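# Fold and contact review
Each chain is listed here by its residues.
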Amino acid sequence: MSLVTQSPVWRPFTQHALQPGAFKIARAEGAWLEGEDGARFLDAISSWWVITHGHRHPMITQAIREETEKLDQIIFAGFTHEPAEALARRLVALTPEGLDYVFYSDSGSVCVEVAIKMALGFWRNRGEARARILALEHGYHGDTVGTMSAGARSPFNAPYEPLLYDVTRIPFPAAGREQETLDALERACREKPAALLVEPLILGAGGMLIYGGRTLAEMKRICEAHGVLFIADEVMTGFGRTGTLFACEQAGVVPDIACYAKGLTGGALPLAVTMCRREIFEAHLSPERARAFFHSSSYTANPIACAAALANLDIWATGEPQARVEKLCDMQEMRLAHFAGDKRFSNVRRLGVITALDLTVADKGYLSTIGLDLMRFFNARGLLLRPLGETIYVFPPYCVEEAELDLVYEAIDEAAARFGKP
Ligand SMILES: *Cc1c(COP(=O)(O)O)cnc(C)c1O
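Small disclaimer: the values here were computed from a predicted structure and weren't measured.

Below, the discussion takes up the packing of aromatic side chains. Under the defined criterion, the tally for this structure stands at 17 aromatic pairs. Relative to Phe 293, the ring of Phe 103 has its centre 5.2 Å away and its plane inclined at 85°; by these criteria the two rings are edge-to-face. Linking Phe 103 in strand S6 (residues 99–105) with Phe 293 in the loop between helix H9 (278–282) and helix H10 (303–317), this pair joins segments that are 190 residues apart in sequence. Taken together, a centroid distance of 5.4 Å and an interplanar angle of 85° make the contact between Phe 339 and Phe 345 edge-to-face. Judged by relative accessible area, Phe 339 falls into the buried class, the value being 1%. The buried category is assigned to Phe 345, whose relative accessible area is 7%. Three or more aromatic residues joined by ring pairs make a cluster, and in this case those are Trp 49, Tyr 393 and Phe 395. If you follow Arg 40 out to its NZ or CZ, it ends over the ring of Trp 32, 4.0 Å from the centre. The aromatic ring of Phe 377 is capped on one face by Arg 381, whose charged end is 3.7 Å from the ring centroid.

In this section: the site of the ligand. All residues adjacent to the ligand are Trp 49, Ser 107, Gly 108, Ser 109, Tyr 140, His 141, Gly 142, Glu 199, Asp 233, Val 235, Met 236 and Lys 262. Between the ligand and Asp 233 there is a distance of 2.7 Å, counted from a nitrogen atom to a side-chain nitrogen or oxygen. Isolated, the ligand exposes 380 Å² of accessible area, and the fraction of that covered by the protein chains is 82%. A class-by-class count of the residues in the shell around the ligand yields 4 nonpolar, 5 polar and 3 charged.

Attention shifts here to the sheet that holds strand S15 (residues 345–351). If you trace the 3 strands from one edge of the open sheet to the other, you get S15-S16-S18, paired in antiparallel fashion. Single-partner strands in this sheet number two, and they are S15 and strand S18 (391–394). Neighbour-to-neighbour, the strand axes of this sheet turn through a mean angle of 15°, independent of strand direction. As paired elements, strand S16 (residues 354–359) and S18 share 4 bridges and run antiparallel to each other. Paired with Ala 356 across the bridge in S18 is Tyr 393. Contacting S15, S16 and S18, helix H11 (residues 320–337) crosses the sheet at an angle of about 165° to S15.

Moving on, we get to a nonpolar patch on the surface. Taken together, Leu 3, Phe 23 and Ile 25 make up a surface patch of nonpolar side chains, about 260 Å² in accessible area. Turning to its location among the elements, Leu 3 is positioned in strand S1 (residues 3–4).

Rules of the game
Residues numbered from 1 in each chain as written. Predicted model: local features only at pLDDT ≥ 70, side-chain atom pairs only at ≥ 80, totals over all residues. Heavy atoms only, no water. Phe/Tyr/Trp six-rings, centres within 6.5 Å; stacked < 30°, edge-to-face > 60°. Helix = DSSP H or I, 4+ residues; strand = E, 2+ residues; numbered from the N terminus. Buried < 20%, exposed > 50% of the residue type's maximum accessible area, 1.4 Å probe, protein only. Lys NZ or Arg CZ within 6 Å of the ring centre and 35° of its normal. Near = heavy atom within 4 Å. Polar contact = N/O pair within 3.5 Å; in protein donor to acceptor, adjacent residues only side chain to side chain. Areas by Shrake-Rupley, 256 points an atom, 1.4 Å probe, with all protein chains shown as cover. Nonpolar A, V, L, I, M, F, W, Y, C, P; charged D, E, K, R; others polar. Pairing = 2+ DSSP bridges. Axes fitted to C-alpha atoms, helices over the stretch in contact; angles between N-to-C directions. Contact = heavy atoms within 4.5 Å. Patch = residues over 30% accessible without salt bridge, like charges linked within 9 Å, V, L, I, M, F, W, Y side chains within 5 Å. Salt bridge = Lys/Arg side-chain N within 4 Å of Asp/Glu carboxyl O.

Spelled out as structure tokens, the structure:
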């Protein structure tokens, strides 16, 4: 496939000195990306976790086409449009009962920033000086300064450290150590923080770390008992990845604030929402202008993106994605079983349609090149996989077929033979 090397483009999360080239993709369809020369990649990470049903789902493509005939972009303060109104009504109906208000933005990072700002605004408007954020160890919430602050500290954000605000970290609820997490949370809640921010059931960029619904429900209960707002960052987990439409459903948790982004338009266009309970909206209601919620993105509730999201919800309403997700869970489980007890791996795990395995290697750590070496190895086999260091994970769109998934796991087996150190 043609590789672009001479380019003024500065790419995300890329060390250009180690990775000077980028594959040039001309077309995408279903689970496949295709270059100008016809060479293909199987998109086994849903193009960085955004594509749900597959690339260019006809209903979403059609909705985008139709909306462009009516509206492009309009100001969203003082004005509204049917795609945004209809989408908000449907999201309120679809998400856990009690999330009654929808604030639009355009990316995962921004919708989490909005959630944090809503929490602080809530407390300030109620006359309580609560501003501290609690967050899970190994968490990831985005790359803006506010969300980086809440996320795990690593070499990736070390240069920005002087600007990051301090948060209270709650240990990750590793299997068998859940009580430590709950105890730490209980202690932290006594200090009257503003909110707990968590990725429900699985921490994505932190290494696809899975924890149980019971722990999630307990964390919510503790927050509630102390009046601490519970913010669920469902940016990655939303729209089927964990086996249910939203991860919080599995724990019966209704967050006070929830963030959805990646799969909201089926991955076709950028759109995000921060949803909240009535009290949080109402805390900002006042004759005083200063109590308003002061946030706006230029492209708030872009009509074309909202139309894509509505089409996405129409697709979910057919019941077809749920059936595909269920089948994909089984397909993933079957292939993972092959690696159970394999000494070359540890932590062989699955949540919903996501699987992950940690390859035992000599050189570990954030800045080791093992992730890059593995990625190149997979790329050479026509697979888009992008390991997080030595953690190989498979995060396919729901349209992926049995035989396609076999290609992925065969390559993982080969990669272990090549790079693994038992
Ligand atoms: C990807 C991600 C974000 C950030 O979303 P962007 O759209 O990349 O800004 C936030 N939280 C979680 C859990 C994510 O996985």
